[in-house]
Every structure is written in structure tokens, then in C-alpha cells.
Amino acid sequence: RKDAVKGTALSLETGAVWVDSNRACAEQSRYIILAVKPQFYDGVLKEIQPVLDDSRIIISLAPSYTIADLKQSLGASARIIRAMPNTPAMVGEGMTGLSWSEDVFSDTERQELMQFFSSFGKTETVPENLMDAVTAASGSSPAFIYMMIEALADGVVKYGMPRDKAYTFVAQAYKFAAQAVLGSAKMVLETGEHPGLLKDKVCSPGGTTIAAVAALEASGFRSSLIEAVSAVCDRCRNM
């Protein structure tokens, strides 16, 4: 961080050493996380490339830079991991996809890195050609879920459920909607049952839920989500 005041404050708060350049940071680090916007990547890569050696591991969070792209900038011997975490990591419920370059990583390095990413949620290793899909499935999708919670809350507010002071605490409408999402996700993860089967168990013949499912299908609910995934993947490939 180049802002000395903020950098010093963060150093005092966290115990991390503050430096004023990317090169100095890379010189003092074994694991280097590139947590910058894609438009700044080229400049950062040029800064750190002269100090890289085989002891350091680069962890890239950018959706648009492949391992081959990074090796072209940093050198063929650079050891690289692509990672795609998501914002629920802030509450310990993140989901991170990892892809490793075809280099030698020690068991200790693999264990330390898996432990790091698992410290704020769940982690899965995937082939690099699936990283765009990971970006859609967990990197971008929290935005879709927040939109769904907001819309669901709007629907119940229409029928009288309160949303007082909605931006200072979780009012009833948001609490019911958000907890339903949390509980449903937990059902999928802990029961191991197919989401379609879990959905069917909620839909009584001629009941309220199947009427709602029919309305969602008529509105293109599932096809809209599939199109959203396609938009993410297309954007990843064309950035």
C-alpha cells in the first residue's frame, strides 16, 4: 500500500510488515497473492518479476489471466496458482477454486496453501479450463443470490411483512429470505441429495410451492441463471 498513513495503521492492527512498493513486498514474501484488478496486472507483474525465484509462489486472483499468460510475463520457471475465492469468505463461508501450474510443489506448500484457503470456507482443486465456470458458480454468483433475496423480500413486503430500517439491521423480510437460502444450501451440502429431488420434496401436489415453481418456469428463472453463467464465462474469455 502506497498510502503511508493507512499502511502504518494496518501494520499496527495486523502485525503485517508495511512496504511502499510491490517489489519490496515480493522480496519479503514466500507466497505472493496478486489481489489487484486485471487492468493493473501488467504493471504489477513488471515490478515483481526481477525479484522472483524458485522459492516463491504466485497466487493469482484475476479471472482473465491464465497460467500461461502469467508465465509469459514472469518466466517459465514461475510457480503459479490460480485462485477464485468469493465474498462470503468474509463470514467464513467462502468457496475457492484452485488450479496449480504443472510445477513441483512440496507437500508442505500444498498443505499450507490448502489450509490458508480453507480457513475462510471450502476449497476445491479444479483443472484450469474450468476456472471460468468456477468464477460463475461461486465468484460472481453471490450477486445473483443477493438479488434473489432482495426480490423475495420485496415480494413478502408486498403482502405486509416489515422491512423497517432495512439497511441498519436485518429486518424480518430479509431475515426470512436469507435464512431460507442458507438452510437450503446446507440441505444440498449435508444431505448429498440432488437439488431437484429436494425441490420435489417441498412441492406438494396442487400446493402453493408447485404453483410458485410454475410461475418461475414461466418467467424463465432457470434459463436466466444459465444465461448469467454464460455472460460471466464470455466476459472472462474476452477481458
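Analysis parameters
- Residues numbered from 1 in each chain as written.
- Predicted model: local features only at pLDDT ≥ 70, side-chain atom pairs only at ≥ 80, totals over all residues.
- Heavy atoms only, no water.
- Buried < 20%, exposed > 50% of the residue type's maximum accessible area, 1.4 Å probe, protein only.
- Helix = DSSP H or I, 4+ residues; strand = E, 2+ residues; numbered from the N terminus.
- Right-handed = clockwise from strand over helix to strand, strands pointing away.
- Pairing = 2+ DSSP bridges.
- Axes fitted to C-alpha atoms, helices over the stretch in contact; angles between N-to-C directions.
- Parallel < 35°, antiparallel > 145°, perpendicular 65-115°, else oblique.
- Left-handed = near helix turned anticlockwise from the far one by under 90°.
- Contact = heavy atoms within 4.5 Å.
- Phe/Tyr/Trp six-rings, centres within 6.5 Å; stacked < 30°, edge-to-face > 60°.

Asks: Go over the pairing of strand E3 (residues 79-84) with me, naming the residues and quoting the values.
Replies: Counting buried residues along E3, 6 of its 6 residues qualify, which places the element largely inside the surrounding structure. In E3, alternate side chains face the same way, and those of Arg79, Ile81 and Ala83 on one face and Ile80, Arg82 and Met84 on the other are all buried. Note that the unit made of strand E2 (residues 57-60), helix H4 (residues 67-74) and E3 has a crossover that is right-handed. Both E3 and strand E4 (residues 94-100) contribute to a ladder of 4 bridges, which runs antiparallel. Its bridge partner lying in E4, Arg82 is registered against Ser99.

Asks: Let's hear about the packing of helix H6 (residues 131-158) against helix H10 (residues 221-238): which residues, and what values?
Replies: Viewed as axis vectors pointing N to C, H6 and H10 meet at an angle of 130°, and their least axial separation amounts to 9 Å. As judged from the angle between their axes, H6 and H10 are oblique. When you trace H6 past H10, the crossing you get is right-handed. Here Asp132, Ala133, Thr135, Ala136, Ser140, Phe144 and Met148 of H6 lie close against H10, whose contacting residues are Phe221, Leu225, Ala228, Val229, Val232, Cys233, Cys236 and Arg237.

Asks: Can you lay out the packing of aromatic side chains for me, pointing to particular residues and giving the numbers?
Replies: Counted by the stated rule, this structure contains 5 aromatic pairs. Residues Phe116 and Phe117 carry aromatic rings whose centres are separated by 4.9 Å and whose planes lie at 70° to one another, so their mutual orientation is edge-to-face. The exposure class assigned to Phe116 is partly exposed, which follows from its relative accessible area of 37%. Judged by centre distance (6.1 Å) and plane angle (75°), the rings of Phe117 and Phe120 are edge-to-face. Judged by its relative accessible area of 17%, Phe120 falls in the buried class. The structure contains a cluster of three or more aromatic residues connected by ring pairs, namely Phe116, Phe117 and Phe120.

Asks: Describe the sheet that holds strand E1 (residues 31-34), listing the residues and the values that go with them.
Replies: Reading across from one edge, E1-E2-E3-E4-E5 is the order of the 5 strands in this open sheet, with mixed pairing throughout. At either margin of the open sheet sits one strand with a lone partner, and together these are E1 and strand E5 (121-125). The sheet shows a mean angle of 25° between the axes of neighbouring strands, taken without regard to direction. One ladder, built from 5 bridges, connects E4 with E5; its direction is parallel. Looking at E5, one finds that Met95 is bridged to Lys122. Relative to E1, helix H3 (residues 41-48) is tilted by about 160°, and along the sheet it contacts E1 and E2. Packing against the sheet, H6 makes contact with E3 and E4, and its axis sits at approximately 35° to E3.

Asks: Give me the environment of Ala4: which residues, what numbers.
Replies: Counting through the fold element by element, Ala4 comes out in helix H1 (residues 4-14). Separated by 16 residues in sequence, Ala4 and Asp20 place their C-alpha atoms 7.4 Å apart.

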